[in-house]
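Letter by letter, the chains look like this.
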Amino acid sequence: MKIHRINNIPVPHIGMRIWKTVIAVFLSALSGYIFNYNPFYTIITAILCMQVSTEASLKTAGVRCIGTFIGGIFSALMLVVINIFSIEIFSIAYYIIISLFVAPMIYITVLIHREKSAFITCVVFFSVVLVNIVRMNPYLFIVLRVIETLAGIGISVAVNMIIKNPDKKNSGTV
């Protein structure tokens, strides 16, 4: 890491990854402005996917995509279960069922050798069944979440591909 000195105080250099993240966040926010949606999930995805190299960004994007799709599928399945069995939202039975859903979600990521996707799988699932189930149509939320995640990935990877780090090795300057 490069260190600069200001009045003899060591100050770490602000690297290209930080600036590329700033650009990716702005472009994500701009997409929300242009298409009239809240860009929260797009921005979060862009931040998470911005890595030191394009290859690392693509790996992180893959983890994010897989987790989002699995979480979305299980969210839709949960919605079907509560409708079929007329389970009251936020009841004890509801909490038992959503807790039990964690095991197969994580197990699926293990079965497909994508354990790193388990976290985002659960985040997507709980963002549907606990937060957005009463705010908007949860099926629509699932679709929008996938689209917003793909947008954030696309923006982050594109910025990382277009703006190259001056250090040819991409040694990890943050």
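Above this text is the structure in question.
What counts and how
Residues numbered from 1 in each chain as written. Predicted model: local features only at pLDDT ≥ 70, side-chain atom pairs only at ≥ 80, totals over all residues. Heavy atoms only, no water. Phe/Tyr/Trp six-rings, centres within 6.5 Å; stacked < 30°, edge-to-face > 60°. Buried < 20%, exposed > 50% of the residue type's maximum accessible area, 1.4 Å probe, protein only. Core = buried A, V, L, I, M, F, W, Y, C linked by side-chain atoms within 4.5 Å. Helix = DSSP H or I, 4+ residues; strand = E, 2+ residues; numbered from the N terminus. Contact = heavy atoms within 4.5 Å. Axes fitted to C-alpha atoms, helices over the stretch in contact; angles between N-to-C directions. Left-handed = near helix turned anticlockwise from the far one by under 90°. Nonpolar A, V, L, I, M, F, W, Y, C, P; charged D, E, K, R; others polar. Expected span 1.5 Å × (residues − 1). Disulfide = S-S within 2.5 Å. Pairing = 2+ DSSP bridges.

Draft legend 1. Geometry of the packing of aromatic side chains. Under the criterion given, the structure shown has eight aromatic pairs. Judged by centre distance (5.0 Å) and plane angle (80 degrees), the ring pair of F40 and Y41 falls under edge-to-face. Here F40 falls in the partly exposed class, since its relative accessible area comes to 45%. Its relative accessible area of 18% is what places Y41 among the buried residues.

Draft legend 2. Summary view of the nonpolar core. Core analysis: the biggest nonpolar cluster contains 20 residues, and M78, I82, Y94, F101, F125 and V129 have the highest contact counts within it. Breaking this core down by element, the ones donating at least two residues are α3 (54-84), α4 (92-111), α5 (118-132) and α6 (138-162). With residues near it in sequence (within four places) discarded, F101 still touches F74, L77, M78, V81 and F125.

Draft legend 3. Structural detail: the packing of α5 against α6. It is the contact of α5 with α6, at a shortest axis distance of 10 Å, that shows an interaxial angle of 145 degrees. Viewed along their axes, α5 and α6 form a crossing whose handedness is right-handed. Here I120, V124, S127, V128 and N132 of α5 lie close against α6, whose contacting residues are P138, F141, I142 and R145. Of the residues assigned to the contact of α5 with α6, the class counts are six nonpolar, two polar and one charged.

Draft legend 4. Up close: α3. Taking 1.5 Å of rise per residue, 31 residues should cover 45 Å, and α3 covers 45 Å from first to last C-alpha, within 8% of that figure. Just downstream of α3, S86 is the residue with a positive phi angle, here 50 degrees.

Draft legend 5. Main features of unusual backbone geometry. For N8, which is not glycine, the phi torsion reads 65 degrees and is therefore positive. Residue classification places N8 among the exposed positions, given a relative accessible area of 61%. For S86, which is not glycine, the phi dihedral falls at a positive 50 degrees. Residue position: S86 is located in the loop between α3 and α4.

Draft legend 6. Molecular detail of the state of the cysteines. On inspection of all chains with the given rule, the structure shows zero disulfides. Lacking any disulfide linkage, C49 is separated from the closest cysteine sulfur, that of C65, by 7.5 Å. By relative accessible area, which is 0% here, C49 ends up buried.

Draft legend 7. Here's a closer look at the environment of F125. Mapped onto the elements, F125 comes out in helix α5. Between the C-alpha atoms of F125 and T68, which are 57 residues apart in sequence, the distance is 8.4 Å. Not counting chain neighbours up to four residues away, the residues in contact with F125 comprise G71, F74, S75, M78, I98, F101 and M105.

Draft legend 8. Local environment of the pairing of strand β2 (residues 9-12). Note: strand β1 (residues 3-6) against β2, four bridges, orientation antiparallel. Directly across from I6, in β2, lies its bridge partner I9. Connecting β1 to the next strand, β2, in antiparallel fashion are two residues, including N7 with a positive phi near 50 degrees.

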